[in-house]
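# Coordinates in review
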Amino acid sequence: MPRLEKTNLRGRDRPQLDWRFVQRFCSIQKVLFPSWTSQSVLMFGTLLGVTLAEQLIIYQVGVLPSHFYNVLADKNYSGFRSLVGTAMVLILFNSTLKSIDQYICNQMYVSWRKTLTESLHSAYFQGRVYYTLNVLREDIDNPDQRISQDAERLCKQMSSMASRLIISPFTLTYYTYHCFHSTGWIGPVSIFGYFVIGTIANKILMGPIVSTLFEQEKLEGDFRFKHMQIRVNAESAAFYRAGKVEHMRTDRRLQALLYTQKRLINKELWLYIGVNTFDYLGGFLSYIIIAIPIFSGVYDSLTPGELSALISKNAFVCIYLINGFTQLIDLSTTLSDVAGYTHRIGELREVMDDILRKQCDYDPASGESYDFDSDFNIHAGPVDTAFIVDHLSYKSPFSDELLVEDLNLKISQGTHLLVVGNTGTGKTSLLRVLNRLWEAHSGFVQMTTCFGPRGTLFLPQKPYLTDGTLREQVIYPLKDIYPASGSVDDDRIIQFLELAGVSSLLKRTGGLDEKVDWNWYDVLSPGEMQRLSFARLFYLQPKYAILDEATSALTEEAEAQLYRTCKQLGMTLVSLGHRSSLEKYHDVQLKLCGEGRWELTKLKGTSGNLSLKDEAM
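Since this is a predicted model, take the numbers as computed values, not measurements.

Calculation notes
Residues numbered from 1 in each chain as written. Predicted model: local features only at pLDDT ≥ 70, side-chain atom pairs only at ≥ 80, totals over all residues. Heavy atoms only, no water. Helix = DSSP H or I, 4+ residues; strand = E, 2+ residues; numbered from the N terminus. Buried < 20%, exposed > 50% of the residue type's maximum accessible area, 1.4 Å probe, protein only. Contact = heavy atoms within 4.5 Å. Phe/Tyr/Trp six-rings, centres within 6.5 Å; stacked < 30°, edge-to-face > 60°. UniProt positions renumbered as here; feature names shortened; annotations may be inferred. Axes fitted to C-alpha atoms, helices over the stretch in contact; angles between N-to-C directions. Parallel < 35°, antiparallel > 145°, perpendicular 65-115°, else oblique. Nonpolar A, V, L, I, M, F, W, Y, C, P; charged D, E, K, R; others polar. Pairing = 2+ DSSP bridges. Core = buried A, V, L, I, M, F, W, Y, C linked by side-chain atoms within 4.5 Å. Lys, Arg positive; Asp, Glu negative; His and termini not counted. Salt bridge = Lys/Arg side-chain N within 4 Å of Asp/Glu carboxyl O. Expected span 1.5 Å × (residues − 1). Bend = angle between axes of the 7 residues up to and from the residue. Patch = residues over 30% accessible without salt bridge, like charges linked within 9 Å, V, L, I, M, F, W, Y side chains within 5 Å. Areas by Shrake-Rupley, 256 points an atom, 1.4 Å probe, with all protein chains shown as cover.

This part covers the overall build of the protein chain. Regarding its fold elements, the protein chain presents 17 helices and 11 strands. Classification of the 617 residues of the protein chain by burial places 48% in the buried group. In the protein chain, once contacts between residues fewer than 6 apart in sequence are set aside, the share between residues at least 24 apart is 78%.

Quick look at the structure:
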């Protein structure tokens, strides 16, 4: 994984309605319409058929007034009754088709959201992409919001535009022909010119809106994240009596968001003025076009009734043609939203693709490539070795100062390693490098075991509890790979909960498989969370357990019990911590001294085969 550079957010190009938008929009459409036989294509085709039928009905309804003028002028009662019956049937058909139109659009929205979100998820959760996006990359904001909200809003806006866009080429062609037949060339030419002017004006007015909308969505995500931060850390904040401070900080983000929203509203005002002006001018334009052949004497031979009927019919044709163009101009307000969401989702997809291309997938020791997620299943290397570290130097991705320089060691089965050092010397960073979350500055790390119950398992400094039942907490993250196996598996889980000292959770949750409606972080103490993590470790029983201050919230007596159980289950331990009480459970100590220096020593009263690499190999 090549080194990730910091990116200046202010230096990035501002999103616009440009060729880049077209490219990003087309790439999203390829996801939504993967093949000609996909569900989206079938629904789109059905929508086209429904909207065409709807337009045919609308035309018949639109010319009805001209027929009413004729029968009323002639006082034709039977013809009037027939027209009323026809009108009722047409209106019923029209309302039904409009409802089906809306129904299909809503179904397309759900289908598109499912397809697009699942596509984003497949990239987001591949390898270390989710970690890199949220921890290491600075050139993308709020990836969670882009996946959960922006994708939803984009699909909603596109589904609302679909029926109007899909029918536009057909209606414009059809009514252009009728307009030419009624008014000659002056009608279509005037309306087309009117549309071109409106399009240019709206393009100019939309430009500033897209970038402001993009900025607003970023600030929306920041504001939501601040509230989520308070929700997750409410107790810690309360111990600091931090209500007033957090109130001030949260209001600060709110004010930034509202300021941007006001800017967006001010810019949209001119767009709305342009759109509404063109809407009303369109109505007058239709009568101007109709007046030209009337005043030129083309229809002098018609009776007043016939002329009224002709004016009504021609007015409908011209007005509907103008309305078709006006609807396209009206869509400019929706298009500005679509452009903003398209840029945010397109940018996220591009960054995730970039991470996937650059993330480390090559093992220099074996000369082979690997898949981060496949570490569950592979086992390459000596069966008695977990890691081989060769002249390893590493540093934080956000700093140029080396944490550790030229480290050589081999972590072998049966030899327990304790890593100590002051805060900031790189203890947890070493685990990140071992787990391939960070890249090595120089040298390399070869992980010769698989990840999971047959190989190596990491317990991070902050326990991770997923949503789900108590069983899912214990067997995490291997639910799909190692499903429940009945009462035997239940007995094992209960036994390990007792060994970890959290059997009381069975009563609190109502059983292993009872759904809970709470957040585990809210109801468990830090000590209980660490004990539950050890119950998970006992259940998975890896050969190597790498523990990052995994007992920091527990007493030394509880720590002793958990470490003894780990050894009884045959695990080789690699522990990070500050307590001197940890020494008696380990054979070798790696002390990180800062400024790149380190010391590797055997602990008193132990014999281990972990040593400097040039001695051990």
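Additional details are given in the paragraphs that follow.
Attention now moves to the packing of aromatic side chains. Applying the stated criterion to the full structure yields 12 aromatic pairs. A ring pair is formed by Phe 33 and Trp 112, whose centres lie 5.8 Å apart and whose planes are at 70°; its orientation type is edge-to-face. Of the two residues, Phe 33 sits in the loop between α1 (19-32) and α2 (39-73) while Trp 112 sits in helix α3 (residues 77-124), which places them 79 residues apart along the sequence. Looking at Phe 33, the relative accessible area reads 25%, which means it is partly exposed.

Sites flagged by UniProt as "transmembrane region" (unreviewed entry) map to residues 40-59, 79-97 and 269-295. Across residues 40-59 one finds 100% helix and 0% strand; the C-alpha atoms that close the span lie 28 Å apart. Within residues 79-97, the helical portion is 100% and the strand portion 0%, while the C-alpha atoms at the span's ends are 27 Å from each other.

It is worth spelling out the packing of α1 against α3 at this point. Viewed as axis vectors pointing N to C, α1 and α3 meet at an angle of 105°, and their least axial separation amounts to 9 Å. As summarised for this structure, α1 and α3 are arranged roughly perpendicular, according to the angle between their axes. Between α1 and α3, the residues in contact are Ile 28, Val 31 and Leu 32 and Trp 112, Thr 115, Leu 116 and Ser 119, respectively. Residue classes in the contact of α1 with α3 are distributed as 5 nonpolar, 2 polar and no charged.

Turning next to the sheet that holds strand β9 (residues 572-576). Strand order in this open sheet of 6 strands is β7-β8-β9-β5-β10-β11, and the pairing throughout is mixed. Taken across any chain shown, the strands that pair with only one partner, and hence form the sheet edges, are β7 (456-459) and β11 (597-602). Each strand of the sheet is rotated relative to its neighbour by a mean of 15°, with strand direction disregarded. The pairing of β7 with strand β8 (residues 544-548) spans 4 bridges and is classified as parallel. Considered in β8, the bridge of Leu 459 is made with Leu 547. Packed on one face of the sheet, helix α10 (residues 427-434) meets β5 (417-421), β7, β8, β9 and β10 (588-594) and runs near 135° to β5.

Moving on, we get to the nonpolar core. Within the largest apolar cluster, 72 residues are counted, with the highest numbers of intra-cluster contacts made by Phe 387, Leu 497, Leu 532, Phe 534, Leu 537, Leu 547 and Leu 590. With 8 residues, helix α15 (residues 526-540) is the single largest residue contributor to this core. With sequence-adjacent residues up to four places away left out, Leu 532 is seen in contact with Leu 465, Leu 470, Gln 473, Val 474, Leu 497, Val 502, Leu 505, Trp 520 and Leu 524.

This part takes up the sheet that holds strand β4 (residues 402-412). Pairing is antiparallel in the open sheet, where 3 strands are placed in the order β4-β3-β6. Only two strands of the sheet have a single partner each, and these edge strands are β4 and β6 (442-447). This sheet shows a mean twist of 15° between the axes of neighbouring strands, independent of strand direction. Both strand β3 (residues 385-395) and β6 contribute to a ladder of 5 bridges, which runs antiparallel.

What follows concerns the side chain of Glu 152. Positionally, Glu 152 belongs in helix α5 (residues 143-183). Despite being buried, Glu 152 has no salt bridge partner; Arg 153 is the closest side chain of opposite charge, sitting 4.7 Å away. When near neighbours in sequence (up to four residues on either side) are disregarded, Glu 152 contacts Tyr 109 and Arg 113.

Per the counting criterion, the structure on display carries 22 salt bridges. Where Glu 215 meets Arg 263, a salt bridge forms, and the shortest distance between an N and an O atom there is 3.3 Å. Of this pair, Glu 215 sits in helix α6 (residues 186-232) while Arg 263 sits in helix α8 (residues 243-295); the two residues are 48 residues apart in sequence, bridging distant segments of the chain. With relative accessibility at 27%, the residue Glu 215 sits in the partly exposed group.

As a further point, take α2. The terminal C-alpha atoms of α2, which comprises 35 residues, lie 52 Å apart, in line with the 51 Å expected from a rise of 1.5 Å per residue. When the local axis directions of α2 are compared, the greatest deviation, roughly 30°, occurs at Leu 64, which is followed within four positions by the proline Pro 65. Downstream of α2 by one or two residues, Lys 75 has phi in the positive range, about 55°.

Moving on, we come to the packing of α15 against helix α16 (residues 556-568). Running from N to C, α15 and α16 cross one another at 10°; their axes reach a closest spacing of 11 Å. Taken together, the axis directions place α15 and α16 in an arrangement best described as roughly parallel. Across the interface between the two elements, Arg 531, Phe 534, Leu 537 and Phe 538 of α15 pack against Ala 558, Leu 562, Thr 565 and Cys 566 of α16.

Now for the environment of Thr 469. On the secondary structure map, Thr 469 appears in the loop between β7 and α11 (470-475). Look at Thr 469 and you get buried, because its relative accessible area is 4%. In this structure, the C-alpha to C-alpha distance between Thr 469 and Leu 512, residues 43 residues apart in sequence, is 6.4 Å. The residues contacting Thr 469, other than those within four sequence positions of it, are Leu 512, Asp 513, Glu 514, Lys 515 and Trp 520.

Attention shifts here to unusual backbone geometry. Despite not being glycine, Asn 142 has its phi angle at roughly 45°, a positive value. Structurally, the position occupied by Asn 142 is in the loop between α4 (129-136) and α5. The class for Asn 142 is buried, based on a relative accessible area of 10%. Of note in the backbone geometry, Asp 406 takes a positive phi value of approximately 60° without being a glycine. Mapped onto the elements of the fold, Asp 406 is located in strand β4.

Take a nonpolar patch on the surface next. A surface patch of nonpolar side chains, about 520 Å² in accessible area, is lined by Leu 72, Tyr 77, Phe 80, Val 84 and Met 88. Per-element accounting of the nonpolar patch gives the leading share, 4 residues, to α3. Assignment of secondary structure puts Tyr 77 in helix α3. Under the relative-accessibility criterion, Tyr 77 is labelled exposed at 60%.

As a further point, take α5. The largest bend along α5 measures about 45° and falls at Ser 168, with the proline Pro 169 one to four residues further on. Immediately downstream of α5, the backbone of Gly 184 shows phi near 80°, a positive value.

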